[in-house]
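Observations on the three-dimensional arrangement
Spelled out from the first residue to the last, the chains are:
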Amino acid sequence: MNGAPANPDPQRWNGIVRPYDAAAVEKLRGSVRIEHTLARLGAERLWTLLHERPYVHALGALTGGQAVQMVKAGLEAIYLSGWQVAADANTAAQTYPDQSLYPADSVPAAVRRINRALQRADQIETAEGKRGRHWFAPIVADAEAGFGGPLNAFELMKGMIEAGAAAVHFEDQLASEKKCGHLGGKVLVPTSQFIRTLTAARLAADVMGVPTLLVARTDAHSAKLLLSDVDPYDAPFIEKEKGRTPEGFFHLQEGLRTAIARGLAYAPYADLIWCETSTPDLDEAREFAEAIHARHPGKMLAYNCSPSFNWKKNLDDVTIARFQRELGAMGYKFQFVTLAGFHALNHGMFQLAVEYKDRGMSAYTELQTAEFAAEKQGYTATRHQREVGTGYFDMVTEVVSGGASSTTALKGSTESAQFQDADRLTVAEHAIAQDHALVERLNQRLRAARDPDTAESALEELTAHLAGHFAREEAEDGLHGLVAARAPQYRDAFREIAEDHERILESIRNLGTRLRAGVADPAYESRHLAALLREHEDREGEVTRRALAKAAA
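Residues numbered from 1 in each chain as written. Predicted model: local features only at pLDDT ≥ 70, side-chain atom pairs only at ≥ 80, totals over all residues. Heavy atoms only, no water.

A closer look at the overall build of the protein chain
- If you tally the helices and strands in the protein chain, you get 21 helices and 11 strands.
- What you see for the protein chain is a C-alpha radius of gyration of 26 Å, in line with the 24 Å of a compact globule of 553 residues.
- Principal-axis analysis of the C-alpha atoms gives the protein chain an extent of 85 × 65 × 60 Å.
- For the protein chain, contacts bridging at least 24 residues in sequence account for 73% of all contacts bridging at least 6.
- With an accessible surface of roughly 26,200 Å², the protein chain has 54% of that area assigned to carbon and sulfur atoms.
- Once the 62 positive and 75 negative side-chain charges of the protein chain are each reduced to a mean point, those two points are 1 Å apart. (Helix = DSSP H or I, 4+ residues; strand = E, 2+ residues; numbered from the N terminus. Rg over C-alpha atoms; globule rule 2.2 N^0.38 Å. Contact = heavy atoms within 4.5 Å. Areas by Shrake-Rupley, 256 points an atom, 1.4 Å probe, with all protein chains shown as cover. Lys, Arg positive; Asp, Glu negative; His and termini not counted. Charge placed at Lys NZ, Arg CZ, Asp CG, Glu CD.)

This is the structure in structure tokens:
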């Protein structure tokens, strides 16, 4: 045995090299085994998602609240960017560029903050009797260049796990000169030195007893400098005729060939390989993937769908729409928008401020109206007191006082008076009607498709919307939940409708398989699907009417 943590998947450690044995791991653990539940559950779930989904896509969260909204919207993982932590979420309370200027405990602190926000959201829904949502989305966290040598990487990895990270990525830059991957002036360490960093990080996870996913990133695509020529592996890429820089660095031949060589060297030590690129280029991504898989079949890859790219300048709308799907087919199983939180936060506030400056409360009420409209998709932060746990802590107060408290906070609040749930059923019914109309439009797109790619794209969009539509119906604050709350005797009927939902989705997934095989006619299948959905909606409507009539009797 090599000290690898236990994992439900017997294939978990296939292809992973550990240049140490189990005895070394055991010696470093100490006498008390400490459980790191969130990190372990997150790592196991992320591993499962990466193998069950065509790909897992995530957005970069800047705050705990953003992470909560991501999960509520249906995203299954969260990315935590060192760039965003440097800019607005570090423990120095400073605004920094992405140059490892912030304290090394900042990303673990941000991981902890996000997990605590997710934990509170889980507690609130559980206390309200709502179950089924997986709140603890796995967090993929940025360890940058490790903030030093192997010992720093070892300690940083431990800090990430203690905070509850599911996966951690390290990059092959020199920590003391670290730059954002889309900045100039990057200096790489020798390949063998970065392998020691990866080994230290893996050892830390093994000592902690957690199957943390380790992501190795190379910046060799655009880095032009190398710390040392000590590693013969790097020799073919050193431009010796250029001499050395004033700082003593060697000139490096940047580009895809160098990045591929580095990716191949790192693959045995990492669970995923990430090549940082300068543009969103599918051909380049395919070349990198094929080179890695030629030597390491099935090795998972990661891709940064970066805001540093001018997407519309580089790609047309059709290519942008299929970009992540094609990456997934190449083996890029984890895809993420690093700085989504930073851009969403800043642009959203700027737009509100521009309008508020000129129109005052008329502008703000438009934001509130938009929040109300988003409730049909599961948004709940309109009721901000409830969102942060006022009702939850009222329940704590009631338990402590034996149900005799006169100081609970939500009762008598402006939120309870002005944001009542009395019209929630009407809102839910309206939302479902809008969903049905959109389903019909998407089905018409499928019917009109003239080629397999267009048909498959239309079907994927239809499937995604139907899955969301069904989830909204089945939620406690959705149509089914609200009606069943009024007529509990109809809960079984609504459970049967939920089973219909799964059968419909399975039927559509099978249709997708037939479309890809070229044995299905989009026009015929769309008519059949429309009939199936109408039959389902009629049954659902009848159950709803009977339940409401019973409740009113």
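After presenting the structure, the write-up continues.
Observations regarding the packing of aromatic side chains
- All told, the structure shown has 11 aromatic pairs when counted by the stated rule.
- Connected via pairs of aromatic rings, a cluster forms that spans Tyr303, Phe309, Trp311, Phe323 and Tyr332.
- Of note, Arg12 hangs over the ring of Trp13, and the distance from its end group to the ring centre comes to 4.0 Å.
- Its guanidinium or amino end placed over the ring of Trp274, Arg217 lies 4.8 Å from that ring's centre, counting from NZ or CZ. (Phe/Tyr/Trp six-rings, centres within 6.5 Å; stacked < 30°, edge-to-face > 60°. Lys NZ or Arg CZ within 6 Å of the ring centre and 35° of its normal.)

As for the pattern of salt bridges
- All told, the structure shown has 40 salt bridges when counted by the stated rule.
- The partner of Arg509 in a salt bridge is Glu502, with the nearest N and O atoms 2.6 Å apart.
- Overall, the relative accessible area of 42% leaves Glu502 in the partly exposed class.
- Members of the salt-bridge network, linked through shared partners, are Asp98, Glu171, Lys178, Arg217, Asp219 and Glu276. (Salt bridge = Lys/Arg side-chain N within 4 Å of Asp/Glu carboxyl O. Buried < 20%, exposed > 50% of the residue type's maximum accessible area, 1.4 Å probe, protein only.)

A short note on the packing of helix α20 (residues 491-517) against helix α21 (residues 522-552)
- Running from N to C, α20 and α21 cross one another at 175°; their axes reach a closest spacing of 11 Å. Relative to α21, the element α20 lies roughly antiparallel. The segment α20 lies against α21, with Ala493, Phe494, Glu496, Ile497, Asp500, His501, Ile504, Ser507, Ile508, Leu511, Arg514 and Leu515 engaging Pro522, Glu525, Leu529, Leu532, Leu533, His536, Arg539, Glu540, Val543, Thr544 and Ala547.
- Within the contact of α20 with α21, the residues separate by chemical class into 13 nonpolar, four polar and six charged. (Axes fitted to C-alpha atoms, helices over the stretch in contact; angles between N-to-C directions. Parallel < 35°, antiparallel > 145°, perpendicular 65-115°, else oblique. Nonpolar A, V, L, I, M, F, W, Y, C, P; charged D, E, K, R; others polar.)

Looking at the environment of Val111
- Mapped onto the fold, Val111 is located in helix α5 (residues 106-127).
- Taking the C-alpha atoms as reference points, Val111 and Glu476, 365 residues apart in sequence, are found 29 Å from one another.
- Residue contacts for Val111: discarding those within four places in its chain leaves Leu80, Ile139, Ala141, Met160, Ala163, Gly164 and Ala165.

A closer look at the sheet that holds strand β10 (residues 300-304)
- Read across the open sheet, the eight strands follow the order β1-β11-β10-β9-β6-β4-β3-β2; overall the sheet is parallel. With partners counted over all chains shown, the strands left at the sheet margins are β1 (56-59) and β2 (78-80), one partner each. Adjacent strand axes in the sheet meet at a mean angle of 20° when their direction is disregarded.
- In this sheet, strand β11 (residues 332-337) lies alongside β10 in parallel orientation, the contact comprising four bridges. Bridge assignment links Asn304 to a residue of β11, and that residue is Phe336.
- Packing against the sheet, helix α2 (residues 37-52) makes contact with β1, β3 (139-142), β4 (167-171), β6 (213-218), β9 (272-275), β10 and β11, and its axis sits at approximately 65° to β6.
- In the packing of helix α11 (residues 317-330) onto the sheet, contacts are made with β1, β10 and β11, and the angle to β11 comes to roughly 145°. (Pairing = 2+ DSSP bridges.)

Thoughts on the sheet that holds strand β8 (residues 250-251)
- Strand order in the open sheet formed by three strands is β5-β7-β8, with mixed pairing between adjacent strands. Strands with a single pairing partner mark the edges of an open sheet, and in this sheet they are β5 (187-188) and β8.
- As paired elements, β5 and strand β7 (residues 225-226) share two bridges and run parallel to each other. Bridging across to β7, Leu188 finds its partner in Leu226.

Section: a nonpolar patch on the surface
- Residues Tyr356, Met361, Tyr364 and Leu367 make up a contiguous nonpolar surface patch of roughly 380 Å² in combined accessible area.
- Considering each element in turn, the nonpolar patch owes the most residues, three residues, to helix α13 (residues 361-374).
- Of note, Tyr364 is situated in helix α13.
- Residue Tyr364 is classed as partly exposed on the basis of its relative accessible area of 31%. (Patch = residues over 30% accessible without salt bridge, like charges linked within 9 Å, V, L, I, M, F, W, Y side chains within 5 Å.)

Concerning helix α6 (residues 150-163)
- With 14 residues, α6 extends 20 Å between its outermost C-alpha atoms, agreeing within 8% with the 20 Å of an ideal straight helix rising 1.5 Å per residue.
- Regarding α6, the residues found buried are Ala153, Phe154, Leu156, Met157, Gly159, Met160, Ile161 and Ala163.
- Buried positions along α6 lie against α2, α5, β3, β4, α7 (191-208) and β6.
- Positive phi shows up at Gly164, right after α6, with a value of about 105°. (Expected span 1.5 Å × (residues − 1).)

Observations concerning the packing of helix α18 (residues 452-474) against α21
- Close contact between α18 and α21 brings their axes to 13 Å; oriented N to C, the two are set at 10°. By the angle between their directions, the pair α18 and α21 is classed as roughly parallel. Between α18, through Ala455, Leu462, Leu466, Phe470 and Glu473, and α21, the contact on the second element is made entirely by Pro522, Leu529, Leu533, His536 and Glu540.
- Its residues placed into classes, the contact of α18 with α21 shows seven nonpolar, one polar and two charged.

Details of the pairing of β4
- Counting buried positions along β4 gives five out of five residues, so the element sits mostly inside the fold.
- Taking every second residue as pointing to the same face, both faces of β4 are buried, with Ala167, His169 and Glu171 on one and Val168 and Phe170 on the other.
- Note: β3 against β4, three bridges, orientation parallel. Residue Asp142 lies in a different strand from β4, and its bridge partner there is His169.

Side note on the state of the cysteines
- By the definition in use, this model includes zero disulfides.
- In this structure Cys180 is a free cysteine whose sulfur lies 14 Å from that of Cys275, the closest cysteine sulfur available.
- Overall, the relative accessible area of 10% leaves Cys180 in the buried class.
- The thiol of Cys275 is unpaired, and the distance to the nearest cysteine sulfur, on Cys305, comes to 13 Å. (Disulfide = S-S within 2.5 Å.)

Details of the nonpolar core
- Counting residues in hydrophobic clusters, the biggest one holds 88 residues, and the most contacted among them are Ile78, Val111, Met157, Met160, Phe170, Phe288 and Tyr332.
- Here this core gets 10 residues from one element, more than from any other, and that element is α7.
- If you look at the next biggest cluster of nonpolar residues, it comprises 20 residues, including Leu46, Ala167, Leu213 and Phe336. (Core = buried A, V, L, I, M, F, W, Y, C linked by side-chain atoms within 4.5 Å.)

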